[in-house]
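Working through the structure, step by step
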Amino acid sequence: MAYTRPMADELTLTGVGAVPAVGGRRAAVPGSPRKLPESPGNPSGQTPGEDGVEISPDAKKKIAELAQVDQAVRAHEAAHMAAGGGLVRGGAAYSYQRGPDGKNYAVGGEVSIDTSPVSDNPAATLQKAQQIKAAAMAPADPSPQDRKVAAMASAMALKAAADLAKKAQGGDRVGGRLNVEA
């Protein structure tokens, strides 16, 4: 989840998996892989793909790594969306990397969330800030950018709480002096 400002009152939460560049030729992974016996036509005993292209053990390993990152990225962004609820703007957007099997795997993602304060309603703004923070910290492994969004939400909550306290005291001035509390 990353902290960027795509719009005035919207933040983007992103998650990125650390995946090394995947090289190799295009190959397909069959539905139920099977190891073929070594033979003159198949000296390594590699598994053929659906299109007949064999998959090397290194390619299989990279496919497994990409699949694991894809699953983690999707779970990360799903956690943001679930906790963000009605504050989420659209769905998750993913960046992809093509695997040696020709399939695309999510290696990064982002979720946009509304961070605008609620006009003239510090109580609602406080509640919204708490939900933004919960959305930012929802994944099991919040990124540094997730933590920045959570810190921004905490600052928003502090300001809203100060506004509430000021409102409870009856306005901006107390005894002819400006009442400033934080």
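This text follows the structure it describes.
First things first, this report covers the structure right here in the doc. (Residues numbered from 1 in each chain as written. Predicted model: local features only at pLDDT ≥ 70, side-chain atom pairs only at ≥ 80, totals over all residues. Heavy atoms only, no water.)

1. Re the packing of helix H2 (residues 122–137) against helix H3 (residues 144–168)
Running from N to C, H2 and H3 point in directions that differ by 165 degrees, and their axes come no closer than 8 Å. Our classification of the angle between H2 and H3 gives roughly antiparallel. As H2 packs across H3, the resulting crossing turns out to be left-handed. Of the residues in the contact of H2 with H3, the class split is 15 nonpolar, 2 polar and 5 charged. (Axes fitted to C-alpha atoms, helices over the stretch in contact; angles between N-to-C directions. Helix = DSSP H or I, 4+ residues; strand = E, 2+ residues; numbered from the N terminus. Parallel < 35°, antiparallel > 145°, perpendicular 65-115°, else oblique. Left-handed = near helix turned anticlockwise from the far one by under 90°. Nonpolar A, V, L, I, M, F, W, Y, C, P; charged D, E, K, R; others polar.)

2. Observations regarding H3
For H3, spanning 25 residues, the distance from its first C-alpha to its last is 36 Å, which sits close to the expected 36 Å at 1.5 Å a residue. All of the buried residues in H3 are Asp146, Val149, Ala150, Met152, Ala153, Met156, Ala157, Ala160 and Ala162. The positive-phi residue at the C-terminal boundary of H3 is Gly170, with phi of around 100 degrees. (Expected span 1.5 Å × (residues − 1). Buried < 20%, exposed > 50% of the residue type's maximum accessible area, 1.4 Å probe, protein only.)

3. A short note on the packing of aromatic side chains
Summed over the entire model, instances satisfying the criterion amount to 1 aromatic pair. Considering the side-chain rings of Tyr94 and Tyr96, the 6.4 Å spacing of their centres and the 55 degrees angle between planes classify their relative orientation as tilted. Residue class for Tyr94 comes out partly exposed when judged on its relative accessible area of 23%. Just above the ring of Tyr94 sits the side chain of Arg74; from NZ or CZ to the centre is 4.7 Å. (Phe/Tyr/Trp six-rings, centres within 6.5 Å; stacked < 30°, edge-to-face > 60°. Lys NZ or Arg CZ within 6 Å of the ring centre and 35° of its normal.)

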